[in-house]
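# An overview of the molecular structure
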Amino acid sequence: MSAEFYFGMEVFLNGLMAGVMYSLVALGFVLIFKASGIFNYAQGVMALFAALTLVGFQNGQIPFAHLINAIFGTDLHYFGWHMPALLAIAFTLLVMIAFAYIVEFLILKHLVNQEPIILFMATIGLAYFMEGLGDLMWGSDIKKLDVGIPQGGNFWIEEKTAFLGGENFYGFYLDNLDIVAAILAAFLVSGLVAFSQYTKTGRALRAVADDHQAALSVGISLRAIWVIVWSIAGFVALVAGIMWGTKSGVQFSLSLIALKALPVLMLGGFTSIPGAIIGGLLIGVGEKMFEFLIGAPYLGGATENWFAYMLALLFLVFRPQGLFGEKIIERV
Amino acid sequence: MTQAVQAEDGYTTADGRKIGGIVMEMKKITLRFGGVVAIKDISFDIREGEIRAIIGPNGAGKSSMLNVINGFYHPQEGEIFFHGKKRGPMKPYQIAEQGTARTFQNIALFKGMSTLDNIMTGRITHMKTNLLDQMLWWRSAETEEVANREVVERIIDFLEIQAIRKTPVGRLPYGLQKRVELGRALAAEPKLLLLDEPMAGMNVEEKEDMSRFILDVNDEFGTTIALIEHDMGVVMDIADRVVVMDYGKKIGDGTPSEVRANQAVIDAYLGVAHD
């Protein structure tokens with residue numbers, strides 16, 4: 001085999017890894033969409049907010065420091081302690097659960113039985129509100145996030161595969177962070193699938209997604225379910241926020257990863273948890289391979305920016321429910 | 001209306017079943033939607049172990065009545081007593097937790113879920129492990145799941161729907177969907193079972209099957225049943241006592257034979273002009 005072939009394979013593997021990162025974001029969308037039919041535009045901002053809060057806790061930042069300083073003329077910035085990563089993650093998780101309660105209490109409760117478009121608009125409002133809140137609480141500077149996940153190329157893999165492609169090939173370059181992300185995603189998805197299939201609450205989640213009235217009549221509290229769903233979505237957002245934040249720093253453009261999740265959802269289907277993963281992998285591999293094989297040599301490159309959306313468009317035309325979305329069954 | 005057979009603490013039916021005390025009592029219920037009066041000043045009771053029917057022509061307010069009992073609607077006036085205790089304005093899921101299960105006229109199943117999962121949702125009020133236990137799948141969550149699964153399997157056997165255990169209910173024919181819905185309600189082991197037109201849209205054979213299941217449920221589990229039905233013939237065959245509604249008002253209440261002889265009921269069904 002030529003070195004070319006192994007370069008291609010490396011691109012493929014890196015595509016898979018990039019795909020996992022997309023999937024992590026898409027997963028949060030699917031969870032909320034499944035249980036409440038809401039397309040949660042704020043999912044990306046939730047990831048950003050979780051990452052900001054995590055960094056804030058870790059560095060002992062004083063929340064709303066700028067605001068306090070501006071009003072009282074003080075000069076506060078840090079508490080002066082440094083929190084261990086695991087503890088900070090636990091605290092951030094509590095914040096995300098509290099956030100789920102607040103969303104339910106202030107927004108969802110009042111919009112029961114409204115049109116999906118109204119709920120969607122509400123989540124857009126929520127997204128901008130949270131972006132502003134994150135800014136106000138933790139400041140708008142780019143922050144470094146380090147929770148101890150290894151980063152940089154994995155030398156072991158590189159060494160072990162170096163013999164494959166001859167002299168010009170130095171082995172597969174895979175980022176440790178991406179590998180961790182892939183392992184995490186695998187655990188997350190199998191956990192979520194098992195939870196929704198084999199537990200009472202999982203079944204209740206699916207029931208609520210299917211029919212509100214019937215769910216109420218068997219004794220399911222919609223409000224409790226929504227809090228649970230938004231908490232889980234908050235947890236997924238935290239995982240995505242950690243991975244993306246570690247990869248590219250915690251900055252406000254992080255909220256835009258939500259846009260990359262859209263084509264993933266179109267491919268995987270809005271209602272399928274495994275679909276979110278497969279969709280992410282397909283998009284990741286697709287855009288990398290397209291760039292490698294067609295984009296860079298023939299189209300002048302930079303195809304990665306639009307490839308995912310074009311693929312999503314094709315899917316909308318030929319298979320609107322996505323690869324794994326629930327088929328719309330209609331009895332006439 | 002006098003009922004000779006009815007004593008304070010129950011009565012004995014024609015076929016010799018003992019009917020107990022009052023499970024649910026509705027007192028002077030009035031329900032309005034804006035200016036429209038759906039239910040007007042209706043009182044009746046449901047006794048333990050009986051099959052109580054609510055009948056009446058289209059738009060008489062029967063379904064509204066069931067929705068009041070089940071907590072989807074809250075009446076503007078009147079009181080509801082459950083096992084002798086006055087019931088405040090409760091959410092439907094709280095009423096379900098108290099032991100009231102129901103089916104719907106237009107079938108409200110979880111269409112994407114299998115028959116088994118649908119009936120399992122009926123067990124939710126009996127499953128008490130907390131979220132953390134379920135997430136970590138501790139022993140308690142597993143034992144509970146298995147125990148409840150056994151109950152559900154018994155119900156599946158009882159309703160003779162073993163063959164469609166794994167089928168998503170959206171794909172089932174109408175009659176079977178109705179049966180699954182009954183199964184889900186039964187899974188809750190309700191103290192009071194509400195059936196909203198359990199036989200609507202069924203052919204004669206399916207109606208007979210459904211009647212048999214309703215009678216069997218009442219007989220084997222002693223479940224108190226309140227049902228709404230359109231088909232007079234079926235109601236007269238299976239109900240112990242019947243409330244007749246017309247234009248939101250109660251026009252008759254008693255055993256099937258008493259109701260059948262009631263002039264107001266005959267008028268309502270044969271369509272005497274209302275002025």
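Note that this is a predicted model, so its numbers are computed, not measured.

The rules behind these values
- Residues numbered from 1 in each chain as written.
- Chains lettered and ligands numbered in written order.
- Predicted model: local features only at pLDDT ≥ 70, side-chain atom pairs only at ≥ 80, totals over all residues.
- Helix = DSSP H or I, 4+ residues; strand = E, 2+ residues; numbered from the N terminus.
- Rg over C-alpha atoms; globule rule 2.2 N^0.38 Å.
- Buried ≥ 20, exposed ≤ 12 C-beta atoms within 10 Å, placed from the backbone.
- Contact = placed C-beta atoms within 7 Å.
- Nonpolar A, V, L, I, M, F, W, Y, C, P; charged D, E, K, R; others polar.
- Expected span 1.5 Å × (residues − 1).
- Core = buried A, V, L, I, M, F, W, Y, C linked by C-beta atoms within 7 Å.
- Domains from an automatic or database assignment.
- pLDDT = per-residue confidence, 0-100.
- Pairing = 2+ DSSP bridges.
- Axes fitted to C-alpha atoms, helices over the stretch in contact; angles between N-to-C directions.

Once that is clear, we can look at the overall build of chain B. A tally of regular secondary structure across chain B gives ten helices and twelve strands. Its C-alpha atoms give chain B a radius of gyration of 19 Å, near enough to 19 Å, the size a compact globule of 275 residues would have. Split into buried and exposed, the 275 residues of chain B put 43% on the buried side. Once local pairs closer than 6 in sequence are excluded, the contacts in chain B between residues at least 24 apart make up 68%.

This brings us to the interface of chain A and chain B. The interface is formed by 22 residues belonging to chain A together with 28 residues belonging to chain B. Only helix 7 (176-198), helix 8 (200-210) and helix 9 (212-217) of chain A provide two or more residues apiece to the side of chain A that touches chain B. The biggest single contributor to the side of chain A that touches chain B is helix 8 of chain A, with seven residues. Grouping the constituent residues of the side of chain A that touches chain B by class yields ten nonpolar, six polar and six charged.

This part takes up helix 5 (residues 116-138) of chain A. The terminal C-alpha atoms of helix 5 of chain A lie 32 Å apart, and with 23 residues this matches the ideal 33 Å at 1.5 Å per residue to within 8%. On its buried face, helix 5 of chain A is in contact with helix 2 (43-59) of chain A.

Turning to the nonpolar core, a few remarks are in order. Counting residues in each nonpolar core, the largest one holds 161 residues, and the members touching the most others are A:L24, A:A47, A:A51, A:I220 and A:V229. Among the elements that make up this core, the one with the highest residue count is helix 10 (residues 222-248) of chain A (17 residues). The residues that make up this core include at least three from each of domain 1 (1-99 + 190-275) and domain 2 (113-189) of chain B. Not counting residues within four places of it along the chain, the set of residues in contact with A:A51 comprises A:L145, A:G241, A:I242, A:G245, A:V250 and A:L254.

Residue and element names in this part refer to chain B. Looking at chain B, the pLDDT average stands at 87 and 95% of residues meet or exceed 70. Here residues 1-7 is modelled with pLDDT under 50, and outside its nearest four sequence neighbours on either side it reaches six contacts, counting other chains as well. At the level of chain-chain contacts, confidence expressed as ipTM amounts to 0.83, with global pTM at 0.82.

Before going further, it helps to examine the sheet that holds strand 12 (residues 249-254) of chain B. Residue and element names in this part refer to chain B. Spatially, six strands are ordered 8-9-10-5-11-12 in an open sheet, and the strand pairing comes out mixed. Each of the sheet's edge strands pairs with one partner strand only, and the pair in question is strand 8 (100-102) and strand 12. Here the strands of the sheet are splayed against their neighbours by 15° on average, with no regard to which way each runs. Where strand 5 (residues 51-55) lies against strand 11 (residues 241-246), four bridges are found, and the strand directions are parallel. What sits directly across from I55, in strand 11, is V244. In this fold helix 1 (residues 62-70) packs onto strand 5, strand 8, strand 9 (192-196), strand 10 (224-229) and strand 11, with an angle of close to 150° to the strand it touches most, strand 9.

The next point concerns the domain arrangement of chain B. Residue and element names in this part refer to chain B. If you check the domain split of chain B, you get domain 1 (1-99 + 190-275) and domain 2 (113-189). A straight line from the C-alpha centre of domain 1 to that of domain 2 covers 27 Å. Residue-level contacts link eleven residues of domain 1 with ten residues of domain 2. Those elements that place two or more of their residues in the side of domain 1 that touches domain 2 are helix 2 (92-98) and helix 7 (204-221). Residue composition of the side of domain 1 that touches domain 2, grouped by class: eight nonpolar, one polar and two charged.

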